[in-house]
Amino acid sequence: MVTAERLLLSGDEAVALAACHAGVALGTGYPGTPSTEILEAFSALGGRAQWAPNEKVALEVALGAAFAAARALVTMKHVGLNVAADPLFTAAYTGVAGGLVLVSADDPGMASSQNEQDNRRYAVAAAVPMLEPADSQEAYDFTRLGFELSERWRIPVLLRMTTRVCHSKTVVRPAPPAPPAAPAHFVRDVPGRVMIPAYARPAHHRLRQKLEEILAWNEAAGPTRLIPGERRLGVVTSGIAAVHVREADPGASVLKLGLTHPLPLEAVRAFAASVERCVVVEEGDPYLFEALRAAGILAEGRPARYRFGELDVARVREILTGAASPGRPVPPGKPPQLCNGCPHRNVFAALRDLGCIVAGDIGCYTLGVLPPFEAMDTCVCMGASLGVGLGLRHALPAAEARRVVSVIGDSTFMHSGLTGLLEMVYNPPATGHLLIVLDNGTTAMTGMQEHPGTGRTLDHRGTGRVRIEALVRAMGIADVRVVDPIQEPGAFQATVADCLDRGGLAVVVARRNCLLAAGKIREYERALTTDDTPGQCDASG
Amino acid sequence: MPADKVTNVIVAGLGGQGVLRAAETVAAVAFAAGLDVKKSEVHGMSQRGGSVMCDVRFGAEVWSPMVPPGEGDFLLVLAPDQVEVNRWRLRAGGTLIAPEAAAGVVLADKRSLNMALLGVFSRHLPFAAEAWTAAIRAQFSEKAAAANAAAFAAGRAAAHA
């Protein structure tokens, strides 16, 4: 185990190292920028890490492990927590036996996301404690602290990171590893774990009681840092915004909050009273600001425009001084595009040439919206291609409805396409529908992670494999075709045209390995043929 | 370079050019020298051939991981068409190291341009050549390390000439 005195780590790597040092028995999650590297690093450090089909399943698996008194880490990007929200809200009621830390990696500025939701709201809504690290050292420290709090109060803890914290490398000095945890074991606790109304009502009271106790601890001994400075300006801040503040006005007094739910409002009130002017500096939603104002603390917020995008030193300086900078126009960089030789290119060329209305989904292939293809008409969230495509088919006049196709990637299909496909079978539009699954053999967008359709685990070893065409047939689609869009671009286009003409329910699997992943996939497959691979199973079996 | 001043380096280019590797090397060298270091990059969709940039800051104590606008001391650019896009990030009097800076360097593999430019850049910083070579060797497999270290040395020699 790494215990070097001084390390240069990304926030993601720091969380992984802390998980190792905290004795985490299981790490699970679904890939999503900027959270993906946590589980990969945890696995590389020797931790047991696995990709789940989606974030909801990941959280449920982690919760089960935590019920068994094992420590569990679950990671996802901010929108992943929307998927995992259902178990989260009730896991707060059941509580846990082993520590459970859930990492939500938010993406202010949307470096690689479809929205910039601020998941600090989830901590309030689900009533779980939340830690907000500002750099890799705090990512390490707060992960360790998260497990301690989780076990002390038997409650899941949210570790809310942001893109800059996840992907910036800063210096970390790790602490000594925790002593080994007690072996996992099952203690029956029916009123604590079975949330029928009769048991859930007292569980809700217990939850609020825990939050009261955590609040008292946070006020007295929480990870709040007071950086004394001049009286003229006091800044209340958290997360990455805190380091921008220190640089933007080194003389200011700063109250940096670490556990931002439940908020230590009395500490903030005392701080605000100690300075001539108190300003809240935070990235994203006015979460701290609203809470302070609701508590009657007279703090200034920021003009509405700073709610959008990331903060940096210049923007924080503007907030603190009230003077907008000269506003230099930033030249646009080169936008990303589908790689030359990418199999998706031929798919979107065909959809463009056929004049399709394309309900798209989340992945590299969302770039099919850009020239020269411009062959995507909607993209909302993971799995939405199915539902949105069906809704379009239901509502549009027949002539237009017949042009609608849903397009989804293989990993996204496993993540949240299955329920949409059930809807397609159960409530078929009068004009039929066509789903195209872009099977490039990997979760390409996030850096080529495995998923249930690849038949390999997070660390690329063999495991059970779910075959898309077998699964689709089993769900009630009779017309299933597999085409390689690189080898047979003409046949691919003809197949799509034929499916649209026939007007039934059809699924076309466009199968060709991602250009960037193909070499690696060949290596993994070669390794597998020489390995004993236990538990090979098949959805068609 | 005064000891308490933070040095701001920006590495820019296109996806696949080795921007992140180059920045990683700068950060590793500064880290090995015992300095406080922060390195920040944009991942994700920018990796699909789009613009990539990476900030490295080092000194006695570094706060923000991002170089503030117009405060770059050094701007290394790996793609000619990314020079103008990023020039605004330099401070007045800051040093631009554009791809032409390695024009005279003969590279066995043009993908080592990032290391050749690092070689040129290394002349501007107070770290020993051995520290750079060690950082490069630590990052690559043995075979790739030799080629990258050679490209670095060629760039460093060209800058001296």
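Nothing here was measured: the structure is a model prediction, and the numbers come from that model.

**Quick notes on the interface of chain A and chain B**
- On the chain B side, the residues contacting the 40 residues of chain A number 33 residues.
- Around 3200 Å² of area is buried between chain A and chain B when both sides are counted, 61% of it from carbon and sulfur atoms.
- Our count for the chain A to chain B interface comes out at three salt bridges.
- The closest approach of N and O atoms between E247(A) and R57(B), which form a salt bridge, is 2.7 Å.
- Here chain A and chain B share ten residue pairs in polar contact (both at pLDDT 80 or more) between them.
- Taken together, the elements giving at least two residues each to the side of chain A that touches chain B come down to β1 (7-10), α7 (163-167), β8 (169-172), α10 (240-248) and α13 (313-321) of chain A.
- When residues of the side of chain A that touches chain B are assigned to their parent elements, the largest contribution, five residues, is made by α10(A).
- Per-class residue counts for the side of chain A that touches chain B are 20 nonpolar, eight polar and twelve charged.
- Two strands pair when backbone bridges link them, and β8(A) and strand β2 (residues 36-41) of chain B are joined in this way by two bridges, in the antiparallel orientation. When the sheet's bridge partners are listed, T170(A) is paired in β2(B) with K38(B).

**Considering the sheet that holds strand β9 (residues 225-227) of chain A**
Residues and elements named next belong to chain A.
- Taken in spatial order, the four strands of this open sheet run β9-β11-β10-β13, and their pairing is mixed. What marks the edges here is a single partner per strand, and that holds for β9 and β13 (278-281). Neighbour to neighbour, the strand axes of the sheet diverge by 20 degrees on average, direction disregarded.
- Note: strand β10 (residues 230-238) against β13, four bridges, orientation parallel. Among the inter-strand pairings, V236 is bridged to a residue of β13, identified as V280.
- Of the strands in this sheet, β9, β10, β11 (252-257) and β13 touch α10, which is tilted by about 155 degrees from β10.

**Overview of the packing of aromatic side chains**
Residues and elements named next belong to chain B.
- Scanning the model with the defined rule gives seven aromatic pairs over all chains in all.
- Both rings, one in F74 and one in F121, keep their centres 5.1 Å apart while their planes meet at 65 degrees; by these two values the pair is edge-to-face. Of the two residues, F74 sits in strand β4 (residues 72-77) while F121 sits in helix α3 (residues 113-122), which places them 47 residues apart along the sequence. Per residue, the accessibility class of F74 equals that of F121, and both read buried.
- Across from the ring centre of W88, 5.9 Å away, lies the NZ or CZ of R89, which sits over that ring.

**Describing the environment of E130(B)**
All names here are of chain B.
- Counting through the fold element by element, E130 comes out in helix α4 (residues 129-139).
- Exposure remark for E130: the relative accessible area of 59% places this residue in the exposed category.
- The sequence separation of E130 and V29 amounts to 101 residues, and the corresponding C-alpha distance is 9.8 Å.

**Thoughts on the environment of G229(A)**
Residues and elements named next belong to chain A.
- Here G229 shows up in the loop between β9 and β10.
- We classify G229 as partly exposed; its relative accessible area is 40%.
- Residues G229 and Y30 lie 199 residues apart in sequence; the distance between their C-alpha atoms is 43 Å.
- Ignoring sequence-local partners within four residues, the contact set of G229 consists of G251, A252 and S253.

**Observations regarding the confidence of the model for chain B**
Residue and element names in this part refer to chain B.
- Chain-level pLDDT for chain B is 91 on average; 94% of the residues reach the 70-or-more range.
- Taken element by element, chain B is modelled with least confidence in helix α5 (residues 142-160), mean pLDDT 91, and with most confidence in β4, mean pLDDT 98.
- Listed scores for the predicted complex are pTM 0.95 and ipTM 0.93.

**Observations concerning unusual backbone geometry**
Residue and element names in this part refer to chain A.
- Looking along the chain, the bond that leaves H261 and enters P262 is cis, with omega of -5 degrees.
- Among the structural elements, P262 can be located in the loop between β12 (259-261) and α11 (265-274).
- For M110, which is not a glycine, the phi torsion comes out positive at approximately 55 degrees.
- A positive phi angle is found at M448, which is not glycine, with a value near 70 degrees.
- With respect to the helices and strands, the residue M448 is situated in the loop between β16 (433-439) and α19 (468-474).

About the cut-offs
- Residues numbered from 1 in each chain as written.
- Chains lettered and ligands numbered in written order.
- Predicted model: local features only at pLDDT ≥ 70, side-chain atom pairs only at ≥ 80, totals over all residues.
- Heavy atoms only, no water.
- Contact = heavy atoms within 4.5 Å.
- Buried area = accessible area lost by both parts, 1.4 Å probe.
- Salt bridge = Lys/Arg side-chain N within 4 Å of Asp/Glu carboxyl O.
- Polar contact = N/O pair within 3.5 Å; in protein donor to acceptor, adjacent residues only side chain to side chain.
- Helix = DSSP H or I, 4+ residues; strand = E, 2+ residues; numbered from the N terminus.
- Nonpolar A, V, L, I, M, F, W, Y, C, P; charged D, E, K, R; others polar.
- Pairing = 2+ DSSP bridges.
- Axes fitted to C-alpha atoms, helices over the stretch in contact; angles between N-to-C directions.
- Phe/Tyr/Trp six-rings, centres within 6.5 Å; stacked < 30°, edge-to-face > 60°.
- Buried < 20%, exposed > 50% of the residue type's maximum accessible area, 1.4 Å probe, protein only.
- Lys NZ or Arg CZ within 6 Å of the ring centre and 35° of its normal.
- pLDDT = per-residue confidence, 0-100.

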